[in-house]
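Breakdown of the fold
One letter stands for each residue in the lines below.
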Amino acid sequence: MSSRDLILGRVRRALADVAQDDAPYEQAVSRSYLSRHGERSIARTVDLLAENLADYRALVHRADAPGLPSVLEGLLSAHGARTVLVPPGLPSNWLSLSGVEQVPDRADDTPRDLDRVDSVVTGCAVAIAETGTIVLDGGPDQGRRRITLIPDHHICVVRVPGQVVSSVPEALRRLDPTRPLTWISGPSATSDIELDRVEGVHGPRTLEVVLVSEE
């Protein structure tokens, strides 16, 4: 008898007295738990998002819609960017004040080509306040997943309050699981066995988030 057969035999014996459950997956597990922790105003939810983003070492900025082009121009200039990668559906006015060369996202770009780009500017699908997480789903203003993983500097614009939710369950209800979802909690970072933190290994070293008020 192989190890596989031995383990499967133990599993079958352990489940011998368990009644067969033919309930659909959606009904098999109760979803009656709370979808968020407490009640917050919209302003407090956005503040919590900003706090948790900063805790993950993301750089958080705030702007209103008319002032967004000026903020983006300032962030690119401060980073010393000479080129910026632009998803196909990024609103044209966002970079209207920037003199940085705009590089369109091209399907035939290689990782080396993308690595030469100084910055990338995208929108997002949703932002989660309780976890400080931004989710991209490959929408027109976000582009393909790899354009936010290879360039070293990512500026992500979050529309407030429309794209901000309190919790992960609330975010999941908004997302399409068939789309390429990228969950971002701060800049890319990893630690070795000595707990030495290294940033920029699996994605951008610098993540800047602009919370844009649309009210």
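Below, the structure is looked at part by part. (Residues numbered from 1 in each chain as written. Predicted model: local features only at pLDDT ≥ 70, side-chain atom pairs only at ≥ 80, totals over all residues. Heavy atoms only, no water.)

Re the nonpolar core
If you look at the biggest cluster of nonpolar residues, it comprises 19 residues, and the most contacted ones within it are Leu49, Ile134, Val158, Val209 and Leu211. Among the elements that line this core, the one with the most residues is helix 3 (residues 42–55), at five residues. The contact partners of Val158, leaving out residues within four places of it in the chain, are Cys124, Ala127, Ile134, Gln163, Val164, Val209, Val210, Leu211 and Val212. Within the second largest apolar cluster, 17 residues are counted, among which are Leu76, Val86, Val100 and Val210. (Core = buried A, V, L, I, M, F, W, Y, C linked by side-chain atoms within 4.5 Å. Buried < 20%, exposed > 50% of the residue type's maximum accessible area, 1.4 Å probe, protein only. Helix = DSSP H or I, 4+ residues; strand = E, 2+ residues; numbered from the N terminus. Contact = heavy atoms within 4.5 Å.)

So, the sheet that holds strand 1 (residues 59–64)
An order of 1-12-7-4-2-3 is seen for the six strands of this open sheet, with the pairing classed as parallel. Edge positions in the sheet fall to strand 1 and strand 3 (101–104), since each has one partner strand and no second. Each neighbouring strand pair of the sheet contributes to a mean axis angle of 25°, computed without reference to strand direction. Summarising the sheet, strand 2 (residues 83–86) and strand 3 pair through four bridges and their orientation is parallel. When the bridges of strand 3 are listed, Val84 appears paired with Gln102. (Pairing = 2+ DSSP bridges. Axes fitted to C-alpha atoms, helices over the stretch in contact; angles between N-to-C directions.)

Observations concerning unusual backbone geometry
Here the amide bond leading from Val160 into Pro161 is cis, since omega sits at 5°, within 30 degrees of zero. Residue placement: Pro161 occurs in the loop between strand 7 (153–160) and strand 8 (164–165). Positive phi is not limited to glycine here, since Arg57 has a value of about 75°. Relative to the assigned elements, Arg57 resides in the loop between helix 3 and strand 1. For Arg57, a relative accessible area of 51% corresponds to the exposed category.

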